[in-house]
Amino acid sequence: MTSSCREPLSLGTLLAYWFGELDAEAERQVEEHFVGCAYCSETLEALAALGLGIRAVFETGLVSAILSPAF
């Protein structure tokens, strides 16, 4: 991963972006930040890979869980 970012995007912002929960202006600002920031871009890629890995272990039955309706 690239060494650093002067103003890293928060985990909440990265996740909201990934899930499409940001308004148009916030999304534009995040994308503009990604253009000049390898650190935050790589952090988002790592989060996406983690999410895909978690999904895969549940879909293949390697992990099982019971979740409440609220979850």
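Use the structure listed above.
This write-up is about the structure you can find in this document. (Residues numbered from 1 in each chain as written. Predicted model: local features only at pLDDT ≥ 70, side-chain atom pairs only at ≥ 80, totals over all residues. Heavy atoms only, no water.)

### Focus: the pattern of salt bridges
Any two side chains of opposite charge can pair, so long as their charged atoms come close to each other.
Then, in step 1: Tallied over the full model, the rule gives two salt bridges.
Then, in step 2: For E25, the salt bridge goes to R28, with nearest N and O atoms at 2.6 Å. Linking E25 with R28, this pair stays in helix 2 (residues 24–36), spanning three residues, or about one helical turn.
Then, in step 3: The class of E25 is partly exposed, set by a relative accessible area of 40%.
Then, in step 4: Residue classification places R28 among the partly exposed positions, given a relative accessible area of 40%.
Then, in step 5: Note that E32 and R28 form a salt bridge whose closest N and O atoms lie 2.9 Å from each other. Within this pair, E32 and its partner R28 are both found in helix 2, separated by four residues, close to a single helical turn.
Then, in step 6: A single salt-bridge network, built from bridges that share partners, covers E25, R28 and E32. (Salt bridge = Lys/Arg side-chain N within 4 Å of Asp/Glu carboxyl O. Helix = DSSP H or I, 4+ residues; strand = E, 2+ residues; numbered from the N terminus. Buried < 20%, exposed > 50% of the residue type's maximum accessible area, 1.4 Å probe, protein only.)

### Overview of helix 2
Then, in step 1: Taking 1.5 Å per residue as the helical rise, helix 2 with its 13 residues ought to reach 18 Å, and the 19 Å between its terminal C-alpha atoms agrees with that figure.
Then, in step 2: A side-chain oxygen of the first residue of helix 2 lies 3.1 Å from the backbone nitrogen of E25; this N-cap is D23. (Expected span 1.5 Å × (residues − 1). Polar contact = N/O pair within 3.5 Å; in protein donor to acceptor, adjacent residues only side chain to side chain.)

### Digging into the packing of aromatic side chains
Then, in step 1: Tallied over the entire structure, the rule returns one aromatic pair.
Then, in step 2: Taking 5.3 Å as the distance between ring centres and 75° as the angle between the ring planes, the aromatic pair formed by Y17 and F34 counts as edge-to-face. Pair noted here: Y17 is in helix 1 (residues 11–18) and F34 is in helix 2, with a separation of 17 residues, a long-range link.
Then, in step 3: By relative accessible area, which is 13% here, F34 ends up buried. (Phe/Tyr/Trp six-rings, centres within 6.5 Å; stacked < 30°, edge-to-face > 60°.)

### Comments concerning helix 3 (residues 38–59)
Then, in step 1: Taking 1.5 Å per residue as the helical rise, helix 3 with its 22 residues ought to reach 32 Å, and the 31 Å between its terminal C-alpha atoms agrees with that figure.
Then, in step 2: Regarding helix 3, the residues found buried are C40, S41, T43, L44 and A48. End-on, the buried residues of helix 3 take up no more than an arc of 165°, which puts them together on one face. Of the exposed residues in helix 3, the ones pointing more than 90 degrees away from its buried face are E45 and L50.
Then, in step 3: Against helix 1 and helix 2 lie the buried residues of helix 3. (Arc of directions from axis to C-beta. Contact = heavy atoms within 4.5 Å.)

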